[in-house]
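Inside the fold
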Amino acid sequence: MDMSQYLEIFIDESKEHLQTMNEILLILEGDVENLSHLGEIFRIAHTLKGMSGTMGFTKVADLTHKMENVLDLVRNGVLKVDSTIVDILFECFDALEEYIENLEKTGKEGDLDSSELVKKLGIIAESKSTAGATTKKNFIKKEEPTQPLTDKATVTDEGEFHIPLNDIDSLIKKAFEMGVKPYLIKITLDNGCMLKAARAFIVFNTLERFGEILKSYPLAEEIEDERFDESFELLYFSKLDESYVHTELNRISELSSVIVKPLAEVETEVEEKKEDVEVDLERVEVKESELKAKEDNQNKGDKGKTSKTVRVEIGRLDNLMNLVSELIIIKTRLEDLDTKNTKSNDQGNKNNMNEAIEYLERITTSLHDAVMKVRMVPVERTFNRFPRLVRDLSRELGKNIKLFMSGEETEVDRTVIDEIGDPLIHLIRNSLDHGIESPAEREKLGKEETGFVALRAYPDGNTVVIEVEDDGKGINPEVIKRKAIEKNVVTKEEADAMSEKELINLLFRAGFSTVDKVTDISGRGVGLDVVKSKIEAINGTVEVISSMGQGSKFVIRLPLTLAIIQALMVNLNEEKFAIPLNNIKEITTIETSNITMVQDQEVVLYRNKTLPIIRMKDVLDIEYDHEELDELIVVIVKKGDVEAGLVVDSLIGQQEIVIKSLGKYLTGIKAIAGATILGNGSVALIVDPNQLF
């Protein structure tokens, strides 16, 4: 049976289970007496064992089987949870996560060898104590085995076989000529094996990845119907060495013994080739070539065997279906009205047409909203990896740090979620390494010994804001200035002329770091430039707010969607531009005489606040085709708490627009986020107010 069709479902469900496991382990580490969630971890291990066993992923199945044994002892009160057990369970989580990631990328579990971890779990289960187990990670990359593994199965080359060989002499001879090795294999299952047919299926599936099973005893149909005792035999052809066959079979759990007996070359005359013999051996050749091709692809780096998916609530799909039904109804009505209009010029028909068009507009707007909701996923998916990251790094750095998260239910487009993970990891690592002081330093400064990192998400208009804040030492602009001059990032004259905000923004320059010592965590000058480029690639922005001795806050603004938005259409001379509606606070008129210059910036006092004035024609390099007017049309836009007024020639109105990329040759143009095609076929550029101030 081809199990690849279920791979995506397996990976999605495994990721969900691992996410829950990670959350529960973090709770358990903080309070080892709290065993209320332990049953959930046991169920997760049991579910993963069953799913991976069915799929033939033996490494995952073995590891979760041993985890299940230990967790069962804890659940029944035989074994007490301590830091050693929690650490080993975290190691199991890391190994399982790597296996699932490898399956997602290549369709195979990969080279991670968790046999030492399996052994540790076995020691704990047998001794009912953690005394003999250490928590040091012993994962090693798999090497070509020189001897068969004997941890789980008794391996011997002696045994009684029942498969008749007298009718396949010529086949064995032909196999040796083609470099294919024939084996007799006897598999004996554990006495307590509950699903014998499923276990036999995994054996068949494992062997057929590398060769061809020609015969079985009893027959395959009988094995499938579980009409056998504990053992069954196979006649197997493969180019693999005997030791490799041993190794692959020994990875399968619930096997009490494995006997692999190579068949000696039969000294007989070569009979005429039979068609079925040729086919069988050719299939072995194909399996071998497929295996080599897969290994080559893995070495080159596969682009992944699974597509991206989004899990959707059934209610959202029902709503989508209802809207599509409404769309079909209005389409039929429009066709009917169009037929009547061609036969008559009746005013009533025209009114009906206008009503139908308005109704169609309402449906398409609702349909757009429904589709966007289907694409939306909560940021919780990304946030959930960070408690573990903070736990591990704070241990490594010898700091006491707590992570506070809020707004995990905030939803953003799936494409945004895929891109935001790495930038947030960089920012959190920077906060832990550079920002928060050691416990001794914090005590001297009169701060609490435990520092905090806050990760917040909240919607703001048509954008989502994510903040990473710490209560550390903050960013010193003078240190940045000195380092920037030392590294020739800027000249001394340029640095002296820079404001504090401009100096802090130098941190986003490629290769720039203020740390003298390079560590495993940071200091290589790789990070904040990656953060900025990744966020800008999805039309987002990032800014830094810092206070010396109080801490720093990185504020990321992301578009809620990357597809369709509401926009205000404006004119600059004869050209049309779109300003996203979510950035607009209000539209007003301002007397030219009220505008004054402050530090080379036009400003006006508006509602008792100073409002910077930005002339769009200057920004976009458009010529003035008329004299200055006494009264200007100003679109007031906002970015967080900061506001500015954009001067335009005239307003066209609100319109729903589809964002189109400008292409790779026009990326990075200041103040332009993309383009849209209008109803008459002309193109209008979309202004990005976040880049204007």
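About the cut-offs
Residues numbered from 1 in each chain as written. Predicted model: local features only at pLDDT ≥ 70, side-chain atom pairs only at ≥ 80, totals over all residues. Heavy atoms only, no water. Helix = DSSP H or I, 4+ residues; strand = E, 2+ residues; numbered from the N terminus. Buried < 20%, exposed > 50% of the residue type's maximum accessible area, 1.4 Å probe, protein only. Contact = heavy atoms within 4.5 Å. pLDDT = per-residue confidence, 0-100. Pairing = 2+ DSSP bridges. Axes fitted to C-alpha atoms, helices over the stretch in contact; angles between N-to-C directions.

A few words on the overall build of the protein chain. Looking only at helices and strands, one finds 21 helices and 25 strands in the protein chain. The burial tally for the protein chain puts 44% of its 693 residues in the buried class. When contacts within the protein chain are restricted to residue pairs at least 6 apart in sequence, those whose partners lie at least 24 apart make up 71%.

Counting through the fold element by element, I363 comes out in helix α12 (residues 347–375). Separated by 37 residues in sequence, I363 and E326 place their C-alpha atoms 7.2 Å apart. The contacts of I363, once residues within four sequence positions are left out, are L323, E326, L327 and I330.

Residue-level pLDDT values for the protein chain average 77, and 80% of them are 70 or greater. Taken together, the stretch residues 136–158 has pLDDT below 50 and engages in 60 contacts with residues farther than four places along the chain or on a different chain.

In this structure, the amide linkage connecting Y217 to the following residue, P218, adopts the cis form with an omega of -5°. Assignment of secondary structure puts P218 in the loop between β5 (211–217) and α8 (220–224). Positioned with a positive phi, R607 is a non-glycine residue whose angle comes to about 55°. Residue position: R607 is located in the loop between β19 (601–606) and β20 (609–615).

So, on to the sheet that holds strand β12 (residues 463–470). Remark on secondary structure: sheet strands pair via backbone hydrogen bonds, oriented parallel or antiparallel. Strand order in the open sheet formed by five strands is β9-β11-β12-β14-β13, with mixed pairing between adjacent strands. The open sheet has two edge strands with one neighbour each: β9 (401–406) and β13 (541–547). Neighbouring strand axes in the sheet, compared pairwise and without regard to direction, differ in orientation by 15° on average. Sitting on the sheet, helix α14 (residues 386–397) is in contact with β9 and β11 (451–460), with an inclination near 165° to β9. Sitting on the sheet, helix α15 (residues 414–435) touches β9, β11, β12 and β14 (551–559), and the angle it makes with β12 is about 20°.

Bringing the sheet that holds strand β22 (residues 642–648) into the picture now. What the six strands build is an open sheet, ordered β17-β21-β22-β20-β19-β18; its pairing is mixed. Two strands lie at the open edges of the sheet, namely β17 (584–591) and β18 (596–598), each paired on one side alone. Across the sheet, the mean angle from the axis of one strand to that of its neighbour is 40°, orientation sign disregarded. Here β19 runs beside β20; their pairing, made up of four bridges, is antiparallel.

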